[in-house]
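Chain and residue survey
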Amino acid sequence: MTATETPARTLDSYVLGAWQRPPSDGEGQVVRDASTGEPVAAVAGQGLDLGAVVGYGRTVGQDALGALTFHQRALLLKRLAQHLTGVKEDLYEVSLRTGGTRRDAMVDIDGGIGVLFTYGSKGRRELPNAHLLVDGPPESLSRDGSFGGQHVRTRRQGVAFQVNAFNFPVWGMLEKFAPAFLAGVPSVVKPASSTAYLAEAAVRAIVSSGILPDGALQLVSGPARGFLDHLDVRDTVSFTGSASTARVLAVDDAVIRRGVVLTAETDSLNAAVLGSDVEPGSPEFTAFVASVVTEMTVKAGQKCTAIRRVIVPADRQDAVVDAVRERIARRVVVGDPRADGVTMGALASVAQKEEVLRSVRELVAGGGQVVVGDLAEPEVVHADGSRGPAPDGAFVAPVLLRFADPDAPAVHDIEAFGPVASVLGYCDLDDAVRLANLGGGSLVATVASADPDVVRHLVTGIAPMHGRVLVLDRDDAKSSTGHGSPVPHLVHGGPGRAGGGEELGGVRAVEHYMQRTALQGTPAALTGLTGRWRAGAPSSTGTGHPFRKSLAVLRIGDAVESGPREVTLDDIAHFADFTGDTFYAHTDEEAAAANPFFPGRVAHGYLLVSFAAGLFVDPAPGPVLANYGLENLRFLTPVVPGDTLRVRLTAAQITPREDEDYGEVRWDAVLTNQRDEQVATYEVLTLVAKETVRETAREPAEN
């Protein structure tokens, strides 16, 4: 900072339930506006007691989150997403200082809010309203069913320490925080210094909402050197950053000896492969070029998922280079994101600019030729609309290189983390696969092709070395979320150089913060532990029809057992005629008998399920509001005319909806014949009122 500059405010940390002011304001590393070079904030070591921070999360945060069910946590995520949506314009304004355009801010801020919404929804739809998660089906471990096993997941008892990169200060934070929170594990967030002021602004908005329980989220704005010294087997670390730093973390005693779980997402030389069937001018070619330019310019190419290697048929390299050049010239305007018309802003810092230019020079020294753009200081649009160089800004114009030798080591090793990509030519599909995989493991690749055989060859060849593959063609070019946009529903991560870790992926990410344990015991013990009834556990038919019970009185194990119903040939014939299902096994005795699975003409499986419903349903209006599906339906024993059926229906799982006046009940249904053989098994899903609504008789009106 020069003598004429205004001292920058040193960023605060939010720890131990309060904002902690640094000991002396204006000291520490100065973080500057990426476009103008003006001071924005200072990041300094604040004398934080990281051991106390971790301890606060393990006690206060764990206690607060442990008191909540999955559904209750999910609803808080939804409320937080709604709150941040209401203040996101303020965050956009702060984001301008990072050098990013409004579009870039939306990728980061709206993307992070979208993660909260997604996990708020998935938590209520895919997880139980409970504290324990059943993992997979039950296992029978004895012949008589008296002993069995069940995998379950329980939340880890420590903290999720999350180290984030500079390029996504909001999304990077929230995509780690949301699944950890849903699992019930408190987060300690450490943002990268160059954009920590935006992360701090987002946390201030979160804290001011008052939505999160105490200890659920802490922010360490300054350095966190030695944080691993305070972690042990209870804790997890999610790291996004350089491969060199990840390697240091991976060999620390905390990981090697004390059992800290480390997930790393690091460098990634992602590829886009143009199929051999794609000709210039085709929809796939146009979509491919648009994707390359988008990935070069959104967030100025500062994305771990950006396309770095453009792998195309050797005879189409010129066409691709020309099309990229034309699209950049027509669509890309570099400048201060505050200026109208700017489509690509600055890199996050001057230091990052210097790093990108150094990497490009190394690529050139390694055999690359710059074919679009150059390394000169670009002319940019300033905030006031004027044009000219901005020596104090972190601007780099888009740069496309071409490698005559596609095997040049530099292009498969050096990542210029900015608006930079390289074109490589391949001779056949096997060669394209080989080149893509030379990246040593990547987060994502795009395959652009309309030929299913070309797509199959490329995808099966590169999938083992990539965490995600986008197939781009004319049918999804407009609806696709894009090469560089991780979505919370799908896994984000990649093997090898990309770090070998996994984030997101829907509920999978929640499970990363939970311990899988194999339980063994009797059906009764396992039912009591998991809240899910299993065959052999106690059940009761003596307390009234379970369909007459609201969730307030219904209990797991409540059951109804029906009387018999005979299945006649007329029933089968009528069902075949009425539904149009005249499959020969139901209508032709001779043909059915020739089938190795049937003794002769048999009843339709769906006829049996319909009969079963007639046997167990209580017809009068009551707490059961709707049947919304069957799951795991299996037909086990053929039913012939003259057989009789019985059904036993048992309440197997009860899931009240936190924000509704009803819940879901999963019923175990077993259909047997007169020989007590199981004919069919399945689960019935119903919506049931939490309380029975009783109508009050009205008094007659007086004359």
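Cut-off values and rules
Residues numbered from 1 in each chain as written. Predicted model: local features only at pLDDT ≥ 70, side-chain atom pairs only at ≥ 80, totals over all residues. Heavy atoms only, no water. Helix = DSSP H or I, 4+ residues; strand = E, 2+ residues; numbered from the N terminus. Buried < 20%, exposed > 50% of the residue type's maximum accessible area, 1.4 Å probe, protein only. Contact = heavy atoms within 4.5 Å. Polar contact = N/O pair within 3.5 Å; in protein donor to acceptor, adjacent residues only side chain to side chain. Pairing = 2+ DSSP bridges. Axes fitted to C-alpha atoms, helices over the stretch in contact; angles between N-to-C directions. 1 Å grid on protein atoms, 1.4 Å probe; cavity = no way out; pocket = protein on both sides within 12 Å on 5 of 7 lines; lining within 4 Å. Points joined across faces, edges and corners; volume = space filled by probe spheres on them. Nonpolar A, V, L, I, M, F, W, Y, C, P; charged D, E, K, R; others polar. Phe/Tyr/Trp six-rings, centres within 6.5 Å; stacked < 30°, edge-to-face > 60°. Lys NZ or Arg CZ within 6 Å of the ring centre and 35° of its normal. pLDDT = per-residue confidence, 0-100. Salt bridge = Lys/Arg side-chain N within 4 Å of Asp/Glu carboxyl O. Core = buried A, V, L, I, M, F, W, Y, C linked by side-chain atoms within 4.5 Å.

Further remarks concern the overall build of the protein. Helix and strand content of the protein: 18 helices and 29 strands. Expressed as lengths along the three principal axes of its C-alpha atoms, the size of the protein is roughly 90 × 70 × 65 Å. Taking all 703 residues of the protein together, 53% fall into the buried category. The contacts in the protein between residues at least 6 apart in sequence include a share of 74% that link residues at least 24 apart.

Another point: unusual backbone geometry. Within the chain, Leu16 stands out as a residue other than glycine whose phi angle is a positive 55 degrees. Topologically, Leu16 is positioned in the loop between strand S1 (13–15) and strand S2 (18–20). Judged by its relative accessible area of 40%, Leu16 falls in the partly exposed class. Unlike most non-glycine residues, Asn632 shows phi in positive territory, near 55 degrees.

As a further point, take the side chain of Asn164. On the secondary structure map, Asn164 appears in the loop between strand S7 (160–163) and helix H4 (171–183). Residue Asn164 is classed as buried on the basis of its relative accessible area, which comes to 5%. A distance of 3.2 Å separates a polar atom in the side chain of Asn164 from a polar atom in the side chain of Lys176. For Asn164, the residues in contact, after removing those within four places along its chain, are Gly172, Met173, Lys176, Val189, Lys190, Pro191, Ala192 and Thr240.

It is worth spelling out the sheet that holds strand S5 (residues 133–140) at this point. The three strands are arranged S5-S6-S23 in an open sheet whose pairing can be described as antiparallel. Of all strands in the sheet, those with a lone pairing partner are S5 and strand S23 (514–521), marking the two edges. For this sheet, the mean inter-axis angle between neighbouring strands, taken without regard to orientation, is 20 degrees. Bridging between strand S6 (residues 148–155) and S23 involves eight bridges; their strand directions are antiparallel.

Let us look at the sheet that holds strand S20 (residues 466–472). Backbone hydrogen bonds hold the strands of a sheet together, and the pairing may be parallel or antiparallel. The strand order S14-S17-S18-S13-S12-S19-S20 describes an open sheet built from seven strands, whose pairing is mixed. Every other strand in the sheet has two partners, leaving strand S14 (368–372) and S20 as the edge strands with one partner each. Strand-to-strand twist of the sheet, defined as the mean angle between neighbouring strand axes without regard to direction, takes the value 25 degrees. The pairing of strand S12 (residues 270–274) with strand S19 (residues 442–448) spans four bridges and is parallel. Note on S19: the bridge partner recorded for Leu274 is Ala448. Each of S12, strand S13 (307–313), strand S17 (399–403), strand S18 (420–426), S19 and S20 is contacted by helix H8 (residues 283–297), which is oriented at about 160 degrees to S13, the strand it contacts most.

What the rule picks out here adds up to three cavities of 30 Å³ or more. One number sums up the size of the largest cavity: a volume of about 100 Å³. Along the walls of the largest cavity sit 14 residues, with Thr98, Phe166, Asn167, Lys299 and Gln302 positioned nearest its centre. Considered class by class, the residues forming the lining of the largest cavity number five nonpolar, seven polar and two charged. If you add up the space inside the second largest cavity, you get close to 60 Å³. Together, Asn164, Ala165, Asn167, Phe168, Trp171, Gly172, Glu175, Lys176, Thr240, Glu265 and Cys304 line the second largest cavity. The element best represented in the lining of the second largest cavity is H4, accounting for four residues.

Further remarks concern the packing of aromatic side chains. Inspection of every chain in the model, using the stated rule, returns nine aromatic pairs. Consider the rings of Tyr14 and Trp19, whose centres lie 5.1 Å apart with planes at 55 degrees: the pair is tilted. Taking the relative accessible area as the measure of exposure, Tyr14 reaches 14% and is therefore buried. These aromatic residues form a ring-pair network of at least three members: Phe547, Phe616 and Trp667. Here Lys299 stacks its cationic end above the ring of Phe168, 4.9 Å away from the centre of that ring. Lying across the ring of Phe611, Arg565 places its NZ or CZ 3.7 Å from the centre.

Predicted confidence across the protein gives a mean pLDDT of 91, with 96% of residues reaching 70 or more. Here residues 695–703 is a poorly scored stretch, pLDDT under 50, and it has zero contacts once near neighbours within four places are set aside; other chains count.

With that out of the way, let us pick up the pattern of salt bridges. One pass over the full model with this rule turns up 42 salt bridges. Here Arg9 and Glu200 are joined by a salt bridge, their closest N and O atoms 2.7 Å apart. One end of the pair, Arg9, is in the segment before S1; the other, Glu200, is in helix H5 (residues 196–209), and 191 residues separate them in sequence. The buried category is assigned to Glu200, whose relative accessible area is 2%.

By size, the foremost hydrophobic cluster in this structure holds 65 residues, and its most contacted members are Phe288, Val310, Ile311, Val324 and Leu400. Residue contributions to this core peak at seven residues, all from H8. Excluding residues within four positions of it along the chain, Val310 makes contact with Ala272, Phe288, Val292, Val320, Ala421, Ser422, Val423 and Leu424. In terms of nonpolar packing, the next biggest core, distinct from the first, is built from 59 residues, Ala105, Leu127, Phe168 and Met514 among them.

Our focus in this paragraph is the side chain of Lys122. Relative to the elements of secondary structure, Lys122 occurs in helix H3 (residues 102–126). In terms of polar contacts, Lys122 uses its side chain to reach the side chain of Glu126, at 2.7 Å. Those residues in contact with Lys122 that sit more than four places away from it in its chain are Leu127, His489 and Gly506.

Looking now at the pairing of strand S27 (residues 644–656). The pairing of strand S24 (residues 559–561) with S27 spans three bridges and is antiparallel. By the bridge assignment for S27, Ala559 is matched with Thr650. Where strand S25 (residues 565–566) and S27 come together, two bridges link them in antiparallel fashion. Each residue of the ladder has a partner; that of Glu566, found in S27, is Thr644. Pairing between S27 and strand S28 (residues 662–672): ten bridges, direction antiparallel. Directly across from Ile654, in S28, lies its bridge partner Val665. What sits between the antiparallel neighbours S27 and S28 is a turn of five residues.

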